[in-house]
Number of protein chains: 2
Amino acid sequence: MEFKKNFDIKDDRNLTMLVDFYELTMGNGYLNKNVGNKTAYFDMFFRRVPDNGGYCIMAGVQQLTEYLSNLRFTKEDIDYLRSKHEFSEEFLSYLKDFKFECDVWAVPEGNPVFPNEPLVTVKGPAIQAQFVETMILLTINHQTLIATKANRICRAAGNRPVMEFGSRRAQGYDGAIYGARAAVIGGCSSTACTISEQMFGVNAVGTMAHSWVQLFDNEFEAFKAWADVYPENCVLLVDTYNVLKSGLPNAIKVFDEVLKPKGIRPSGIRIDSGDITYLTKKCRKILDEAGYSDCKIVISNSLDEHIITDVLLQGAEVDSFGVGERLITAKSEPVFGGVFKLCAVENDEGNIVPKIKISENQEKITNPGFKKIYRLFDKETDKALADLITLNDEVIDETKPLEIFDPIYTWKKKKLTHYYVKDLRVQLFKKGELVYENPEVLEIRNIAKKETEKLWAEVLRLENPHTYYVDLSKKLWDLKHNLLEKYSNAFNS
Amino acid sequence: MEFKKNFDIKDDRNLTMLVDFYELTMGNGYLNKNVGNKTAYFDMFFRRVPDNGGYCIMAGVQQLTEYLSNLRFTKEDIDYLRSKHEFSEEFLSYLKDFKFECDVWAVPEGNPVFPNEPLVTVKGPAIQAQFVETMILLTINHQTLIATKANRICRAAGNRPVMEFGSRRAQGYDGAIYGARAAVIGGCSSTACTISEQMFGVNAVGTMAHSWVQLFDNEFEAFKAWADVYPENCVLLVDTYNVLKSGLPNAIKVFDEVLKPKGIRPSGIRIDSGDITYLTKKCRKILDEAGYSDCKIVISNSLDEHIITDVLLQGAEVDSFGVGERLITAKSEPVFGGVFKLCAVENDEGNIVPKIKISENQEKITNPGFKKIYRLFDKETDKALADLITLNDEVIDETKPLEIFDPIYTWKKKKLTHYYVKDLRVQLFKKGELVYENPEVLEIRNIAKKETEKLWAEVLRLENPHTYYVDLSKKLWDLKHNLLEKYSNAFNS
């Protein structure tokens, strides 16, 4: 498959200062207390899948690598920070000469990911690993949210193309620009956001709005003008006044009078309001009877996976969907709750000391230690059986049976025999140096398609999916529970 | 009042191509059909207040003026568009020499606004007025959404400061940066988003995260280190392990052992999890008994106006709130449904021909014509009585009684006598030239405060507010209904 080139429009803003202020106060404090160069390990992970879905689609890694590659504090930044009277000159000087030195691992974009998995791990000087928290979260949270929502919507639409139409209702410019990127990763065929094609090579499309129709003396004249200018891409918006009494009859008249004499077939009609099922069935019948059974019907109007499922169930005659605000904002659940937590610190001897965050909410307790994720596949079906989070130095011998167990209901065990494993993450940065080449967006969309097909249908279900197994290795489970026992004894004595 | 200067960090991206592709196909079509230079009037308005609130807070005008001032197509843009094979060389050449020539009016930021009011009106060559649709909507929709949500949350918090903490869960970088700006317009005292202080002069604040506590050998050492570095701004996060058994006792120990000997009072404690009401009451009592009744209690953890109202009702002892994801994404209703509709076109004689968009949904029918908004105030109380949308040439004689009527239940009438009127909008651009000076963000926050105080308490209510009157002048009402009759006759014959 050949991928479209993007047009080299880059977002070259310096976003170094897009950071929660406390990362700076803490950095200043770490330096002051001589712990700034302690090697720390932070994990980025999330706790639940939005919309109670079965999986998320990882996205945002490319923007994360761009941000980390470009970290730099300008003189203006330093002057501004000095004016806050909270930072030492030593700290400001550290920032002035800032050079990113961390190791970073992440799950590549497009892969299905699950709660509690360390999607990103940063290892490096505490002062640096702490600093990148805000942007790691912001980038991965946003794009993973939208890619996941898009994947749900595209799943509902089946083979019908879904076009991303939401720029105008996005939350800020990047909500539109990077939202369109994430939507395509999730499965959308194209976007209305023009600049996203320039930046990412995702196809930008569009035809007309109601204003086109209104601007002419009447609907017929408007359609005729369009067919004149775009005979080969004649998609007419038929609901400005009345679909069945005006829009469709005028469209067919134009197909007959303008296109037919030229031997050109119409591309489609679009309906943006009213009862989709009723109108599309009526329109389909009328178009077929008029000899335009190849004329496509495009639908848009506050769609999401539920409305699409519902109208298709009722037999709506739709060839493709334009999806706007409910996709670009992930309206049904617009927050992706990724967090960034300290999981280990190296002591003076260079040994990794695991760290844990306790909480009265069981699900908020973190997994300690420097970890990795193995995905376990069935050798015969190539389906994903489970993910296993292990300590980083654990190796799985695929030639031997592997027993995995539920981390809460530990008596629920499973012995795997015909399986193979895949280390789910790649290294992005080595001592601050980028060592990863980001794939093109359309290639990432292929990865998402291929890798979600390896999930059982039960996990892919939109409603009440089966919970995919994310287990801990025995070694990690023991480590965690020993730490929990320790704190429990301390507070309950 | 003295306003803080911003630090001259500017977002100087060229966002000209952040545009729905159909604006370009239509522009190309307008030019081809010789209607590109027809003078068109477009209104931007919304149809309902998010969260069923009583009003919205206008925001985003400054970014809109920046965008419109910087419209330009680069050679790369033109080359890219040429590669799509949909545009004529005449159109590409028009874009190459693009010079913005429109008149633009808008409601200044900070003002309360209501459904169906033309918040922005663009008058100019159809090809240009059409082109700016996407960015007008994107900018005003996003910031008005967040300013409105922030205003609700701040209203619930009463006199207690509300800090915006949501960057990490924002929808893209601008979601964080401009979201923080809008949150401050809505009433927030400060933000955690550092770059927003550099750009807009809004105060950036922050102290520590759980990782600070985890990085040290134990909680006491972590608190002691903080008090050492920041004795004058000692806010300690007390819920890393256990608020009452560990966090608070350690905090008090540090206040006693580190701060007291220096004669410094502690600034506060922060709680980010658990039962707010229970924990803050307990903590308040313990702090008071320890002699720290001036130590503030800061709360954060998935807060919104409802949770804040609820915990305050139960007597939670909170001095300030940090509000994150539910504010920065307007989680309860993350879409602001602003639309941009053609309302008039000038004919060859230069007369304004009103245009209307019909719909089977009564509320989707637009108000035709070139319009303005008058806000009517009671002379004695200075309270806003109603808004009146009129045709642009209508003048209200304040010395005479004014009869207004409900645009749907037209028999509901009201005669105003002791009133004065205010033209709610200002002109931003005259023939493409910026003629408006944007106020500083902190000044806009003052406007929002002052102008919302002019609304009756019934309109300000969070739940079931009274619907503020937005009426049409008799002249406008007649114009609209004549057009509706015309189309009704056409389709029902």
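What you are looking at is a predicted structure, and each value in this text was computed from that prediction instead of being measured.

On to the overall build of chain A, then. Each helix and strand in chain A was counted, giving 17 helices and 21 strands. Considered along the principal axes of its C-alpha atoms, chain A spans approximately 85 × 60 × 45 Å. For chain A, restricting intrachain contacts to residue pairs at least 6 apart in sequence, the fraction spanning at least 24 positions comes to 74%. Accessible surface computed for chain A: about 18900 Å², of which carbon and sulfur atoms make up 48%. Mean positive and mean negative side-chain charge positions of chain A (63 and 71 charges, respectively) differ by 2 Å.

Turning our attention to the packing of aromatic side chains. All names here are of chain A. On inspection of all chains with the given rule, the structure shows 46 aromatic pairs over all chains. On the basis of an interplanar angle of 45° and a centroid distance of 4.9 Å, the ring pair of Trp212 and Phe216 is categorised as tilted. Residue Trp212 is classed as buried on the basis of its relative accessible area of 0%. Note on Phe216: relative accessible area 10%, which makes it buried.

Before going further, it helps to spend a moment on the pairing of strand 5 (residues 120-125) of chain B. In summary, the side chains of a regular strand alternate between the two faces of the sheet. All names here are of chain B. Across the six residues of strand 5, five count as buried, placing the element largely inside the fold. Pairing of strand 3 (residues 103-106) with strand 5 involves four bridges; the strand directions are antiparallel. When the sheet's bridge partners are listed, Val104 is paired in strand 5 with Val122.

Below, the discussion takes up the domain arrangement of chain A. Residues and elements named next belong to chain A. For chain A, the assigned domains are domain 1 (21-146 + 334-492) and domain 2 (159-327). The C-alpha centroid of domain 2 is placed 41 Å from the C-alpha centroid of domain 1. Opposite the 20 residues of domain 1 that make contact, domain 2 presents 19 residues. Contact between domain 1 and domain 2 buries roughly 1400 Å² in total, counting both sides, with carbon and sulfur atoms accounting for 61%. The three residues of domain 1 that bury the most area against domain 2 are Ile146, Val441 and Arg445, which together make up 41% of that side's buried surface. For the pair domain 1 and domain 2, the interface holds one salt bridge. The salt bridge involving Glu109 is made with Arg181; its shortest N-O contact spans 2.8 Å. Those elements giving two or more residues to the side of domain 1 that touches domain 2 turn out to be helix 2 (61-69), helix 6 (133-157) and helix 15 (441-452). Here the side of domain 1 that touches domain 2 takes five residues from helix 15, the largest share from any one element. Residues that form the side of domain 1 that touches domain 2 fall into these classes: nine nonpolar, six polar and five charged.

Here we take up the interface of chain B and chain A. In this complex, chain B contributes 110 residues to the contact, which on the side of chain A involves 110 residues. Note on chain B versus chain A: buried area summed over both sides is about 9400 Å², and carbon and sulfur give 58% of it. When residues of chain B are sorted by the area they lose upon contact with chain A, Arg168(B), Gln171(B) and Tyr173(B) head the list and together hold 11% of the total. The tally of links between chain B and chain A comes to twelve salt bridges. The salt bridge partner of Glu133(A) is Arg168(B), with a shortest N-O separation of 3.1 Å. Summed over the shared surface of chain B and chain A, the number is 60 residue pairs in polar contact (both at pLDDT 80 or more). Top contributing element to the side of chain B that touches chain A by residue count: helix 1 (residues 21-32) of chain B, with ten residues. Taken together, the residues of the side of chain B that touches chain A sort by class into 52 nonpolar, 33 polar and 25 charged.

Core analysis: the largest hydrophobic core is formed by 327 residues, its most contacted members being Val120(A), Val120(B) and Ile269(B). Residues within four places of Ile269(B) in sequence aside, it is in contact with Val235(B), Leu236(B), Val238(B), Leu248(B), Ala251(B), Phe255(B), Cys283(B), Leu287(B), Cys295(B), Lys296(B), Ile297(B) and Val298(B).

Attention now goes to the UniProt feature "domain: Nicotinate phosphoribosyltransferase C-terminal" (unreviewed entry) in chain A. Here the UniProt feature "domain: Nicotinate phosphoribosyltransferase C-terminal" (unreviewed entry) sits at residues 371-480 of chain A. Along residues 371-480 of chain A one finds 21% helix and 35% strand; the C-alpha atoms at either end are 12 Å apart.

This brings us to the environment of Val254(B). Residue and element names in this part refer to chain B. With respect to the helices and strands, Val254 occurs in helix 11 (residues 243-259). Judged by relative accessible area, which is 0%, Val254 ranks as buried. As a C-alpha pair, Val254 and Gln128 span 126 residues in sequence and 63 Å in three-dimensional space. With sequence-adjacent residues up to four places away left out, Val254 is seen in contact with Phe220, Phe223, Lys224, Ala227 and Leu259.

Aligned on chain A, chain B shows an RMSD of 0.0 Å; the corresponding rotation is 180° and the shift along the axis is 0.0 Å. Expressed as an axis order, the relation between the two copies is that of a two-fold axis. When the interface residues of chain B are mapped onto chain A, 100% of them again fall at the interface, so both copies present the same face.

Moving on, we get to the environment of Gly274(B). Residue and element names in this part refer to chain B. By secondary structure assignment, the location of Gly274 is in the loop between strand 9 (268-271) and helix 12 (276-289). For Gly274, a relative accessible area of 37% corresponds to the partly exposed category. Gly274 sits 27 residues away from Asn301 along the chain, and the two C-alpha atoms are 8.6 Å apart. If we ignore the near neighbours within four places in the chain, the residues touching Gly274 are Leu279 and Asn301.

All names here are of chain B. Across the sheet, which stays open at both edges, the seven strands sit in the order 13-12-1-5-3-19-20 with antiparallel pairing between neighbours. Lying at the two open borders of the sheet, with one neighbouring strand each, are strand 13 (352-354) and strand 20 (433-434). Across the face of the sheet, helix 2 (residues 61-69) comes into contact with strand 3, strand 5, strand 19 (426-430) and strand 20 while running at roughly 15° to strand 19.

Looking now at the side chain of Arg375(A). All names here are of chain A. Among the secondary structure elements, Arg375 is positioned in strand 14 (residues 371-378). Here the side chain of Arg375 touches Asp387 through a polar contact of 2.8 Å, side chain to side chain. Excluding residues that lie within four positions of it along the chain, Arg375 makes contacts with Pro112, Val113, Phe114, Glu117, Ala384, Ala386, Asp387, Tyr420, Val421, Lys422, Leu424 and Tyr468.

What follows concerns helix 7 (residues 173-186) of chain B. Residue and element names in this part refer to chain B. Under the 1.5 Å per step criterion, the end-to-end length of helix 7 is 20 Å for 14 residues, consistent within 8% with the ideal 20 Å. Counting buried residues in helix 7 gives 14 out of 14 residues, a clear majority hidden from the surface. Gly187, located one to two residues past helix 7, shows a positive phi value of around 135°.

Here the focus is the packing of helix 1 of chain B against helix 4 (residues 89-96) of chain B. Two quantities define a packed helix pair, namely the angle between the helix axes and the distance between the axes. All names here are of chain B. The contact between helix 1 and helix 4 brings their axes to 9 Å, and the two run at 110°. By the angle class used here, helix 1 and helix 4 are roughly perpendicular. Together, Leu24, Gly27, Asn28 and Leu31 of helix 1 and Glu90, Phe91, Tyr94 and Leu95 of helix 4 make up the contact between the two elements. Split into classes, the residues belonging to the contact of helix 1 with helix 4 amount to five nonpolar, two polar and one charged.

Looking now at the sheet that holds strand 14 of chain A. Residue and element names in this part refer to chain A. Read from one edge of the open sheet, four strands run 18-14-15-21, paired in mixed fashion. Both outer strands of the open sheet, strand 18 (419-423) and strand 21 (470-472), are each paired with one neighbouring strand and no more. Between one strand axis and the next, the sheet turns by 30° as a mean value, whatever way the strands run. Where strand 14 and strand 18 come together, five bridges link them in antiparallel fashion. If you follow Asp378 over to strand 18, its bridge partner there is Tyr419.

Reading guide: rules and limits
- Throughout, residues of each chain are indexed from 1 in the direction in which the sequence is written.
- All chains are assigned letters beginning at A, and all ligands numbers beginning at 1, according to the order in which they are written.
- Restriction of local features to residues with pLDDT of at least 70 applies here, the model being predicted, together with a cutoff of 80 or more for giving and counting side-chain atom pairs; totals for whole chains, interfaces and linings are based on all residues.
- Side-chain descriptors were evaluated using all non-hydrogen atoms of the structure, hydrogens and water having been removed beforehand.
- Helix numbers and strand numbers start at the N terminus; a helix is a DSSP run of H or I with at least 4 residues, a strand a run of E with at least 2.
- Note on definitions: a residue-residue contact is assigned when non-hydrogen atoms from the two residues lie within 4.5 Å.
- In short, Shrake-Rupley with a 1.4 Å probe defines the accessible areas, and a residue's cover is counted only from the protein chains shown.
- All tallies of charge rest on Lys and Arg as positive and Asp and Glu as negative; His and the ends of each chain are not included.
- A charge is said to be at NZ when it belongs to Lys, at CZ for Arg, at CG for Asp and at CD for Glu.
- In this analysis, rings of Phe, Tyr and Trp, with Trp reduced to its six-membered ring, are considered paired at centre separations within 6.5 Å, and the interplanar angle assigns stacked below 30 degrees, edge-to-face beyond 60, and tilted for intermediate values.
- The buried label goes to any residue with under 20% of its type's maximum accessible area, the exposed label to any with over 50%, and the partly exposed label to all in between, with areas taken from a 1.4 Å probe on protein chains only.
- At least two bridges found by DSSP between two strands is the condition for calling them paired.
- Note: domain ranges come from an automatic or database domain assignment.
- By convention, the term buried area covers the 1.4 Å-probe accessible surface removed from two parts as they join, with the contributions of both added.
- Definition used for salt bridges: Asp or Glu carboxyl oxygen within 4 Å of a side-chain nitrogen of Lys or Arg.
- By the convention adopted, Pro, Cys, Tyr, Trp, Phe, Met, Ile, Leu, Val and Ala count as nonpolar, Lys, Arg, Asp and Glu as charged, and the other residues, Gly among them, as polar.
- Each polar contact in these results corresponds to two N or O atoms within 3.5 Å; when the atoms are within protein, one needs to be able to donate a hydrogen and the other to accept it, and residues that are neighboring in sequence are counted only if both atoms are side-chain atoms.
- Only buried residues count toward a nonpolar core. Its members are Ala, Val, Leu, Ile, Met, Phe, Trp, Tyr and Cys residues joined through side-chain atoms within 4.5 Å.
- UniProt positions are given in the numbering used here, feature names are shortened, and annotations may be inferred rather than shown by experiment.
- Only residues with pLDDT of at least 70 in both copies count here: their C-alpha atoms drive the least-squares fit that superposes the copies.
- The angle between two axes is taken between their N-to-C directions and runs from 0 to 180 degrees, where each axis is a line fitted to C-alpha atoms and a helix contributes only its stretch in contact.
- A helix is expected to reach a length of 1.5 Å times the quantity of its residues less one.
- When describing relative orientation, an angle under 35 degrees is termed roughly parallel and one over 145 degrees roughly antiparallel, while 65 to 115 degrees is termed roughly perpendicular and anything else oblique.

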